[in-house]
Amino acid sequence: MEGIHTNVWYVDGNVDSEKVYPQVVEAAECLQRNEVVAFPTETVYGLGGNALSEEAVAKIFSAKGRPADNPLIVHVASRPHVEKLVSHIPKQADKLMNAFWPGPLTIVLPGGKSVASNVTAGLDTVAIRMPDHPVALALLKAANLPLAAPSANLSGKPSPTTAKHVIHDLSGRIAGIVDGGSTGVGLESTVVDCSGDHVTILRPGGVTKEQLEEVVGEVNVDPALSDEGQKPKSPGVKYTHYAPTAPVTLVDGSPSYLQSIVDKRRAEGKKIGVLATEESTATYRADVVIPCGTRADLISVANRLYDVLRQFDESDVDEIYSEMFTHEGVGAAVMNRLSKAASNRVIKE
Ligand code: TXA
Ligand code: MG
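What counts, and where the lines are drawn
- Residues numbered from 1 in each chain as written.
- Chains lettered and ligands numbered in written order.
- Predicted model: local features only at pLDDT ≥ 70, side-chain atom pairs only at ≥ 80, totals over all residues.
- Heavy atoms only, no water.
- Patch = residues over 30% accessible without salt bridge, like charges linked within 9 Å, V, L, I, M, F, W, Y side chains within 5 Å.
- Areas by Shrake-Rupley, 256 points an atom, 1.4 Å probe, with all protein chains shown as cover.
- Salt bridge = Lys/Arg side-chain N within 4 Å of Asp/Glu carboxyl O.
- Helix = DSSP H or I, 4+ residues; strand = E, 2+ residues; numbered from the N terminus.
- 1 Å grid on protein atoms, 1.4 Å probe; cavity = no way out; pocket = protein on both sides within 12 Å on 5 of 7 lines; lining within 4 Å.
- Points joined across faces, edges and corners; volume = space filled by probe spheres on them.
- Nonpolar A, V, L, I, M, F, W, Y, C, P; charged D, E, K, R; others polar.
- Near = heavy atom within 4 Å.
- Polar contact = N/O pair within 3.5 Å; in protein donor to acceptor, adjacent residues only side chain to side chain.
- Sits in = over half its atoms within 2 Å of the grid points.

(A) Highlighting a nonpolar patch on the surface. A contiguous nonpolar surface patch, about 270 Å² in accessible area, is contributed by Val8, Tyr10 and Ile167. Along the chain, the position of Tyr10 falls in strand 1 (residues 7-10).

(B) Structural view of the layout of surface pockets. For the largest pocket, the calculated volume is near 880 Å³. Ala224, Leu225, Ser226, Asn336 and Ser339 are the residues nearest the centre of the largest pocket, which is lined by 35 residues in total. Of all elements in the fold, only helix 8 (209-216) and helix 11 (331-341) reach the threshold of two or more residues within the lining of the largest pocket. Here the element with the most residues in the lining of the largest pocket is helix 11; it accounts for 6 residues. Of the residues belonging to the lining of the largest pocket, the class tally is 15 nonpolar, 12 polar and 8 charged. If you add up the space inside the second largest pocket, you get close to 680 Å³. In terms of lining, the second largest pocket is formed by 45 residues, of which the most central are Arg66, Pro71, Ile73, Arg203 and Ser234. The element that contributes the greatest number of residues to the lining of the second largest pocket is strand 6 (residues 125-129), accounting for 4 residues.

(C) Seen up close, the site of ligand 1. Around ligand 1, a shell composed of 27 residues is seen, among which Thr43, Asn70, His75, Ser189 and Gly236 lie nearest. The contact in question runs from an oxygen atom of ligand 1 to an N or O atom on the side chain of Arg66, over 2.9 Å. At a separation of 3.0 Å, a nitrogen atom of ligand 1 approaches a polar side-chain atom of Thr125. In the complex, 97% of the free accessible area of ligand 1, which totals 690 Å², lies under the protein chains. The cavity that encloses ligand 1 is the second largest pocket. When contributions to the shell around ligand 1 are tallied by element, the ones reaching two or more residues are strand 4 (73-75), strand 6 and strand 10 (200-203). The element that contributes the greatest number of residues to the shell around ligand 1 is strand 6, accounting for 3 residues. For the shell around ligand 1, the class distribution of residues is 13 nonpolar, 9 polar and 5 charged.

Next comes the structure, spelled out in structure tokens:
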């Protein structure tokens, strides 16, 4: 590994976020010195840095190898912190904060002049979320700073859902990591734009469109999410993401059709991996078959997805074929991430 020494602080994932823990205080002091520290949230691990410091934010971009035009989400532990970071809080945004915070919902708000300019990549809006994880909240309180935090993976790779994933990608590149065990949702937060007249989903995630509509009525979806020709409003959405080393192809068809593709490729000498579900795992013959949750509960698929994509990287498969899922509910987020992992390659039966 390169560069600097990466500290690991072990913390129980169920700490009381109102209490003070020496490991958390050490990590917070590191953040106050404008170093960057990875920490668990209820979605994925984040790579945190002082959102008010250009120097700290530059370290985040450089550790991840992240393109500078992709803005960061600012994490806060309380509402007063939000008010300091935006020009005003639109009514719809206020309703969403009350309903879903702390939780896996990022809200794009007008303003953002008080954060370091590299956080927003020159946009006149700022994305903010209050994470629902006791370790994240304890760290935010101890640091007493808003923390800019993208997912703590190398740019392009699947987001980390365990400290081991973070260490694999970023050891030697960051000052430390607070290891609080596995994350919860397993996919990143839903990003909604509340800076204009309508509420628009820019990135699907743990909070579904249906849940948002119960609180604010009709919600739009950025057309770029389903049409590659459109320019996405969320700059990060355009980049390759979540991709294992071996190319992934989605198969829109039955397990037996997927098997026929696998058989053909193996006959041509390729080592093949299959991303399956608990229902179908036993039916596949391939070099590596990994179950990714159960179709009976798409949340279990979301939970497992990034770990499964990373497991394929530990095998020597040449190609990966994956089952597909419905776009309903959490399925929208699962299919969004899988399609990106597959660079939109789909074979239809
Ligand atoms: O669950 C999550 O959201 C995790 C955890 C660590 O909180 N974070 C995360 O960050 O996924 P990241 O950087 O991997 O994704 C942030 C997304 C990107 O697609 C980025 O373009 C978008 O949010 N974004 C950030 N600021 C924005 C803004 N002002 N307007 C539109 N999109 C923005
Ligand atoms: Mg990310």
